[in-house]
Amino acid sequence: MAGFVGIVVSDPWLQNQFTQVELRSLKTHFLSIQKSRSNPKNGDFTLKDLSLAMANLKTLSLTEEERTHFLEENFSELEIQKFEFEQFLRIYLKMQGKAGSKGSTTSAFLKAATTTLLHTISESEKSAYVNHINSYLAEDEFLRKFLPIDPLTDDLFEISKDGVLLCKLINVAVPGTIDERAINTKNLLNPWEKNENHTLCLNSAKAIGCTLVNIGTLDLAEGRPHLVLGLISQIIKIQLLADVNLKKTPQLVELVGNSQDIEELMSLSPEKILLRWMNFQLKKGGLARQVTNFSSDIKDSEAYACLLSVLAPECRTKPHPMDVKDLLERARLVLEHADRMGCKRYLSPKDIVDGSPNLNLAFVAHIFQKRNGLSTQMRPMSFLESQFEDDPLVSREERAFRLWINSLGISTYINNVFEDLRNGWLLLEALEKVHPGIVNWKHANKPPIKLPFRKVENCNQVIKIGKELKFSLVNVAGNDIVQGNKKLILAFLWQLMRYNILQLLKNLRFHAHGKGITDADILSWANTQVKSSGKFSRMESFKDKSLSSGIFFLHLLSAVEPRVVNWSLITQGETEEEKKMNASYIISVARKLGCSIFLLPEDIIEVNQKMMLTLTASIMYWHLKRPTAGDTRSQQLDCETASLSESTSNLTSDDSASDSSADENAIY
């Protein structure tokens, strides 16, 4: 049985400063530096070599002058000449500290990194999230023996090591994301099975909108507190903010006056919509000032006291919080008011006074869920109705492309592709991620963009680049994107996603010899794999209606990894219910292998041609990238090509896993 193979550093302190994903990426970068140094024959490095190499690390936001000055100030040429990987790591840490000291900017909660240089965690946040888990997973058949978790201990991180709790929590946040039949839930899991759970967890987290920064399966297996807590934080916030949008809560239209304001509201993040809702209620309560954040503006509890009085006046008691001068006592009275409303406590009085942004956001989101105070009598808004009369297919494709773009790691989290991409900037960022160096940033206009023609300039460059990449863009202009033309935006995004998939497959040069990959190649590969495994199912095209049963994809998954499909759980795929069960299982099994996919069961049932191609290509990519015995070349692959498969499972045969594969021949 294969265990985890990680990069080991001799200094334990240095080892603990990095995740395995970071170490693999930095090791790859270090090896490339060795090949490109100015004097490779004598093996010596120069400060100039190191400065140029550091320029390619996107996490170091220093100018060339700053890098050179920093290196000359801290290191001599003699120290650099024979430097090894561990010294490179120490230099990187120092430069990262230098870059961090220049200052940072705030961002929405979903872009918050799940790792920090100091690797500290908030005990208050840990306690709040543990209580959330204890509440929502208390009745889970498998987890009940581990719950409740004591928030005063580190049991949360120990229990999370097998991946089951994290997978279950994802399903609480967005029900149905993971087919729980695909989760390994034996009492004693081997490393292979735990790794599968972690891979399933990470790919499913991305599929519900989590932004994963420098986190891999080994980090979850080790129960690294700052990474586990960062991931849990995002999952819980997605759950709490699920209804903070116009589609789920159309009553939010009460916050705006006309269709132009609604358009703006639709482009806001859930966090900003929640702030706007809060200020709307505070205005009702007669509070003159506005809340602009979930931290400093709430420390004195005045906004909370007013908000709860407006939403639940029947729960007021004496003394009123604002009659008390002591801030901690005032915060305590606010939380008691919330208790009488039936709201969960996501924070303590001290957290309010300290201005904990994550916990205040969670608390306000839960208040919104329990009682939003909006009118049930909605005025008719034709613009709003037209926005949500989408074909279900359009809605699913928007979701898939949105999650895919967010997984690329662009600067701003996208909440709605039809609104957020209209200024062209984020599309340029996505193009740069897919094809580095293709964007002319000198001719790009960075947000905020007030003048409409500047947006058109950005979108014109988007279309120009699309044509360079051979996209089909007949009679399409940049203004079509600015105007939010749904059909054309989806068409462009599909071609960009497809281009990315084909490029990733092409880049596996030792398999494809650098040749281009076509849709026909992917189709042929899939059929060959299934046929070689002794099965007779076949896919005639990516719109073959027989794919709706799911049987072909189950055969394909079983062909690339025989142990991954539990055939005792598979149906014949004849009725709609059987098809849905198979489709749900296929998606979870593919993610469990290491495929980062964003489709829904309905896409398989209805045979969405685009999603069938991405599913097949993702399985092909995982299979070709998978390390084989004695193959050291795969270790040099860039571990950051995560838009298809961030964390590849290291799979081998294991006698202790499920032996239900024998049922396969009995059914098919």
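- If you check an unreviewed UniProt entry, the chain appears there as Calponin-homology (CH) domain-containing protein from Rhynchospora tenuis.
- According to the UniProt record, the Subcellular location (unreviewed entry) comment for the chain is "Cytoplasm, Cytoskeleton".
- Among the UniProt annotations of the chain, the heading Subunit (unreviewed entry) holds the following wording: "Interacts with F-actin."

**Concerning the pattern of salt bridges**
(1) Moving on: Summed over the entire model, instances satisfying the criterion amount to 26 salt bridges.
(2) Moving on: Of the charged contacts, one joins Asp 219 and Arg 224 as a salt bridge, the two residues approaching to 3.3 Å between their closest N and O atoms. No difference in accessibility class separates Asp 219 from Arg 224, as the two residues are buried.
(3) Moving on: Ionic pairing is found between Glu 329 and Arg 332, a salt bridge with its closest N-O pair at 2.3 Å.

**Points about the packing of aromatic side chains**
(1) Moving on: Evaluation of the coordinates by the stated rule reveals seven aromatic pairs.
(2) Moving on: On the numbers, 5.2 Å between centres and 80° between planes, the contact of Tyr 304 with Phe 363 is edge-to-face. Pair noted here: Tyr 304 is in helix H15 (residues 302-311) and Phe 363 is in helix H18 (residues 357-370), with a separation of 59 residues, a long-range link. Accessibility classification places Tyr 304 together with Phe 363 in one group, the buried group.
(3) Moving on: Summarising the aromatic geometry, the rings of Phe 471 and Tyr 499 are spaced 6.2 Å apart at their centres and angled 65° between planes, so their arrangement reads as edge-to-face. With Phe 471 in the loop between helix H23 (452-468) and helix H24 (478-482) and Tyr 499 in helix H25 (residues 486-506), this pair connects stretches of sequence that are 28 residues apart.

**Observations concerning helix H22 (residues 425-434)**
(1) Moving on: Most of H22 sits inside the fold, with eight of its ten residues counted as buried.
(2) Moving on: Among the residues making up H22, those that are buried are Trp 425, Leu 426, Leu 427, Leu 428, Glu 429, Ala 430, Leu 431 and Val 434.
(3) Moving on: Turning to H22, the residues buried within the fold contact helix H20 (392-407), helix H21 (417-420), H23, H24 and H25.

**A short note on the packing of helix H7 (residues 123-136) against H18**
(1) Moving on: In the contact formed by H7 and H18, the axes pass within 10 Å of each other and the chain directions differ by 35°. Each of Ser 124, Glu 125, Ala 128, Tyr 129 and Tyr 136 in H7 lies in contact with H18, whose residues at this interface are Asn 358, Leu 359 and His 366.
(2) Moving on: Split into classes, the residues belonging to the contact of H7 with H18 amount to four nonpolar, three polar and one charged.

**Structural notes on unusual backbone geometry**
(1) Moving on: Note the cis peptide between Lys 318 and Pro 319, where omega equals 0°.
(2) Moving on: The topology assignment puts Pro 319 in the loop between H15 and helix H16 (327-341).
(3) Moving on: Geometrically, the link from Pro 447 to Pro 448 is a cis peptide bond, its omega value of 0° lying close to zero.
(4) Moving on: Among the secondary structure elements, Pro 448 is positioned in the loop between H22 and H23.
(5) Moving on: Phi angles above zero are rare outside glycine, and Ser 301 is one such case at about 70°.
(6) Moving on: One non-glycine residue, Lys 470, adopts positive backbone phi at about 70°.
(7) Moving on: Structurally, Lys 470 can be placed in the loop between H23 and H24.

**Remarks on the confidence of the model for the chain**
(1) Moving on: Confidence along the chain averages 81 in pLDDT terms, with 76% of residues attaining 70 or more.
(2) Moving on: The secondary structure element of the chain with the lowest average pLDDT is helix H32 (residues 642-645), at 39, and the one with the highest is helix H9 (residues 164-173), at 96.
(3) Moving on: A low-confidence stretch, residues 100-118 stays under pLDDT 50, and its non-local contacts, those more than four residues away or across chains, total 39 contacts.
(4) Moving on: Note on residues 629-668: pLDDT is under 50 here. Beyond four places in sequence and across chains, it has 107 contacts.

**Remarks on the nonpolar core**
(1) Moving on: If you look at the biggest cluster of nonpolar residues, it comprises 178 residues, and the most contacted ones within it are Leu 231, Leu 274, Trp 277 and Met 278.
(2) Moving on: For this core, the element with the most residues is H25, which contributes twelve residues.
(3) Moving on: Setting aside chain neighbours within four positions, we find Met 278 in contact with Phe 294, Ile 298, Ala 303, Tyr 304, Leu 307 and Val 364.
(4) Moving on: Membership of the second largest hydrophobic core comes to ten residues, among which are Leu 23, Leu 26, Leu 89 and Leu 93.

Reading guide: rules and limits
Residues numbered from 1 in each chain as written. Predicted model: local features only at pLDDT ≥ 70, side-chain atom pairs only at ≥ 80, totals over all residues. Heavy atoms only, no water. UniProt positions renumbered as here; feature names shortened; annotations may be inferred. Salt bridge = Lys/Arg side-chain N within 4 Å of Asp/Glu carboxyl O. Buried < 20%, exposed > 50% of the residue type's maximum accessible area, 1.4 Å probe, protein only. Phe/Tyr/Trp six-rings, centres within 6.5 Å; stacked < 30°, edge-to-face > 60°. Helix = DSSP H or I, 4+ residues; strand = E, 2+ residues; numbered from the N terminus. Contact = heavy atoms within 4.5 Å. Axes fitted to C-alpha atoms, helices over the stretch in contact; angles between N-to-C directions. Nonpolar A, V, L, I, M, F, W, Y, C, P; charged D, E, K, R; others polar. pLDDT = per-residue confidence, 0-100. Core = buried A, V, L, I, M, F, W, Y, C linked by side-chain atoms within 4.5 Å.

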